[in-house]
Amino acid sequence: MAQAMSISLALLSGKSCSVELEPGLSIQELREIAQQRLNARISQLITADGRVLKEESYVGDSKIESGDVVTAILRQAAIVSNGSCNWRSATVVRHTDGSVTAWGNFACGGDIIGVQDQLHDVQRVVATYAAFAALRGDGSTVAWGEAESGGDSSEVQEQLVDVSSIRASGYAFAALRRDGKVVTWGAPDYGGDSSNVQSQLAKVTEIHATHGAFAAKCDDGRVVVWGKANYGGDSSAVANQLTHVQRICAGFFALTAVREDGQVITWGNADMEANCPRVQKLGHDVVDIQASHAAFCALLADGRAVTWGDEKYGGNCPLALTDLRSITANAYAFAAVTKAGRVIAWGNPFCGGDSSLVAEELYDVVEIQAAHYAFAALLADGGVVAWGDVEAGGSCGDVELRDIQELCASAQAFCALSSDGFVITWGRRDFGGDSAWAKTSHVA
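Since this is a predicted model, take the numbers as computed values, not measurements.

With that settled, the discussion passes to the overall build of the chain. The helix and strand inventory of the chain stands at 3 helices and 32 strands. At 21 Å, the chain has a C-alpha radius of gyration in line with the 22 Å of a compact globule built from 444 residues. If one aligns the C-alpha atoms of the chain with their principal axes, the spans along those axes are about 60 × 50 × 45 Å. Evaluated residue by residue, the chain yields a buried proportion of 57% over its 444 residues. Sequence-distant contacts in the chain: of pairs separated by 6 or more residues, those separated by 24 or more amount to 42%. When the accessible area of the chain is evaluated, it comes to approximately 18,700 Å², of which 46% is carbon and sulfur surface. Averaging the positions of the 33 positive and the 53 negative side-chain charges in the chain gives two centres separated by 3 Å.

This paragraph deals with unusual backbone geometry. A positive phi angle is found at Lys203, which is not glycine, with a value near 55°. Assignment of secondary structure puts Lys203 in the loop between strand S13 (182-186) and strand S14 (204-209). Given the relative accessible area of 56%, Lys203 is considered exposed. Although it is not a glycine, Asp364 adopts a positive phi angle of roughly 50°.

Here the focus is the sheet that holds strand S10 (residues 141-145). Pairing in this open sheet of 3 strands is antiparallel, and the strands run S8-S9-S10 from one edge to the other. The sheet is open, and its two edges are formed by strand S8 (122-127) and S10, each paired on a single side. Across the sheet, the axes of successive neighbouring strands diverge by a mean angle of 20°, strand direction being ignored. Where strand S9 (residues 131-136) and S10 come together, 5 bridges link them in antiparallel fashion. Pairing of Leu135 across the sheet is with Thr141, part of S10.

Pairing of strand S21 (residues 286-291) with strand S22 (residues 295-300), which is carried by 5 bridges, proceeds in the antiparallel orientation. Residue pairing across strands places Ala291 opposite Phe296, the latter belonging to S22. Hairpin connection of S21 to S22: 3 residues between the antiparallel strands.

Here the focus is empty space enclosed by the protein. Evaluated as defined, the whole model comprises 1 cavity of 30 Å³ or more. Within this model, the largest cavity holds a volume of roughly 30 Å³. Counting residues per element, the ones that place at least two in the lining of the largest cavity are strand S30 (404-409) and strand S31 (413-418). At 3 residues, S31 tops the list of elements feeding residues into the lining of the largest cavity.

The next thing to look at is the pairing of S13. Summarising burial for S13: 4 of the 5 residues are buried, a large majority. Note: strand S12 (residues 172-177) against S13, 5 bridges, orientation antiparallel. If you follow Leu176 over to S13, its bridge partner there is Val182. Hairpin remark: S12 followed by S13, antiparallel, with 4 residues in the connecting loop; positive phi at Gly180, about 85°.

Another aspect to go through is the nonpolar core. Judged by nonpolar contacts, the single largest core of 21 residues is most densely connected at Val182, Leu201, Val204, Ile207, Phe214 and Trp226. Looking at this core element by element, the count peaks at 4 residues for strand S15 (residues 213-218). Leu38, Leu45, Ile64 and Ala72 belong to the second largest nonpolar core, which has 20 residues in total.

Evaluation of the coordinates by the stated rule reveals 14 aromatic pairs. Considering the side-chain rings of Tyr231 and Phe253, the 5.4 Å spacing of their centres and the 20° angle between planes classify their relative orientation as stacked. In this pair, Tyr231 sits in the loop between strand S16 (223-227) and strand S17 (245-250) while Phe253 sits in the loop between S17 and strand S18 (254-259), placing the two residues 22 residues apart along the sequence. A relative accessible area of 16% places Tyr231 in the buried class. A cation over an aromatic ring shows up here: Lys228 above the ring of Tyr190, its NZ or CZ 4.9 Å from the ring centre.

Bringing the sheet that holds strand S26 (residues 343-347) into the picture now. The strand order across the open sheet built from 3 strands is S24-S25-S26, with neighbouring strands paired in antiparallel fashion. Only two strands of the sheet have a single partner each, and these edge strands are strand S24 (324-329) and S26. The average angle at which neighbouring strand axes cross in this sheet is 20°, direction not considered. One ladder, built from 5 bridges, connects S24 with strand S25 (residues 333-338); its direction is antiparallel. Paired with Ser326 across the strands is Val337, a residue of S25.

Applying the stated rule across the entire model yields 13 salt bridges. Among the salt bridges present, the one from Asp179 reaches Arg177, with a minimum N-O distance of 2.7 Å. A relative accessible area of 42% means that Asp179 is categorised as partly exposed. The partner of Asp310 in a salt bridge is Lys312, and the shortest N-O contact between them spans 3.2 Å. Taking relative accessible area as the criterion, Lys312 reaches 55% and is therefore assigned exposed. One salt-bridge network, in which partners are shared between bridges, spans Glu29, Glu32, Asp162 and Arg178.

Cut-offs and rules
- Residues numbered from 1 in each chain as written.
- Predicted model: local features only at pLDDT ≥ 70, side-chain atom pairs only at ≥ 80, totals over all residues.
- Heavy atoms only, no water.
- Helix = DSSP H or I, 4+ residues; strand = E, 2+ residues; numbered from the N terminus.
- Rg over C-alpha atoms; globule rule 2.2 N^0.38 Å.
- Buried < 20%, exposed > 50% of the residue type's maximum accessible area, 1.4 Å probe, protein only.
- Contact = heavy atoms within 4.5 Å.
- Areas by Shrake-Rupley, 256 points an atom, 1.4 Å probe, with all protein chains shown as cover.
- Lys, Arg positive; Asp, Glu negative; His and termini not counted.
- Charge placed at Lys NZ, Arg CZ, Asp CG, Glu CD.
- Pairing = 2+ DSSP bridges.
- Axes fitted to C-alpha atoms, helices over the stretch in contact; angles between N-to-C directions.
- 1 Å grid on protein atoms, 1.4 Å probe; cavity = no way out; pocket = protein on both sides within 12 Å on 5 of 7 lines; lining within 4 Å.
- Points joined across faces, edges and corners; volume = space filled by probe spheres on them.
- Core = buried A, V, L, I, M, F, W, Y, C linked by side-chain atoms within 4.5 Å.
- Phe/Tyr/Trp six-rings, centres within 6.5 Å; stacked < 30°, edge-to-face > 60°.
- Lys NZ or Arg CZ within 6 Å of the ring centre and 35° of its normal.
- Salt bridge = Lys/Arg side-chain N within 4 Å of Asp/Glu carboxyl O.

Shown next as structure tokens:
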């Protein structure tokens, strides 16, 4: 029988406390304990070896040992945008106090008057193409925006209790509860109706979403899918291979699962499958997988990367992919950050697959965010560099970007949050790239 353990919870400021843990305690419950004991709003818990602890997991499965120090990261304001190529968009800011502000197209969630009194103690916000869903600290949820796209959760509201995470497809939401059950709402054919697989959705540990489908990983390594078949909602062709799954990656059209034996299974869009082997062996050291609309890239533990899929979408990189720290994908291209903080980009050159024009500016890169046709990189000094389709966010020369602490992207625009709490946007106006409210307002 697993024994209780004692660990230290510490802020970066040095403030710390000791706590006694039972293996059955969830990471979400541990975060709540950290908030109470450290008297601070905590967004993430990170182990000494750099692993971010997933809230839906448990202490007993997290490889935490007695005597370990777990770092608690303070919650900062966060920004989320929705919108697709066919919709206007809205943008939401979650403030550090858990309240929410929105702007943009009212029908897509830019109007929160009807739910304003419910939007408190918000931990995170996720978006479909025309709606938002907020997860609050008590495990309850609030949805607003276009009803058919998930903005109305009234039919399942009584089931939305003790929720640990929410995922979004293009037009539907899926909420994972702490008891391992799943609740869905929104457009039925985009995964908003999970009734056909509900009996299989037990002891679910995580959910992933493509544009039109969801995939749930269960604690026994099974994978359950639902939604549009051409977006990964039908895994019958690879059902026998989907066992002992450790990790799932969702692209726009397809899904990839990594098994315990290192085999990678891909399914979804028929055209994509023609360029992607359904089963391939990558070994046990896959750290992350990212997907464009028709290609995948796997980051390995030694810093190398492996690509596959349609070469027009980045499936065949001609560059040496070594010594990498992270990978980001947009619809048509990939961008990798090296351990030295530089950037390697490939794929469609007009959509960010060629970063040569800004290569000298891309140094000490902290992270990269992706719109559909462009990338934006946050630098260690708080600066931002963008490249790709100029009209869709690939150029930020017309806005002043200094002391930026967070970036987010809609389909064709970017939004940056500065350290003093101001929001700066650029890109297509209809997708949140020109907000007079955001450019003059303090939101921290």
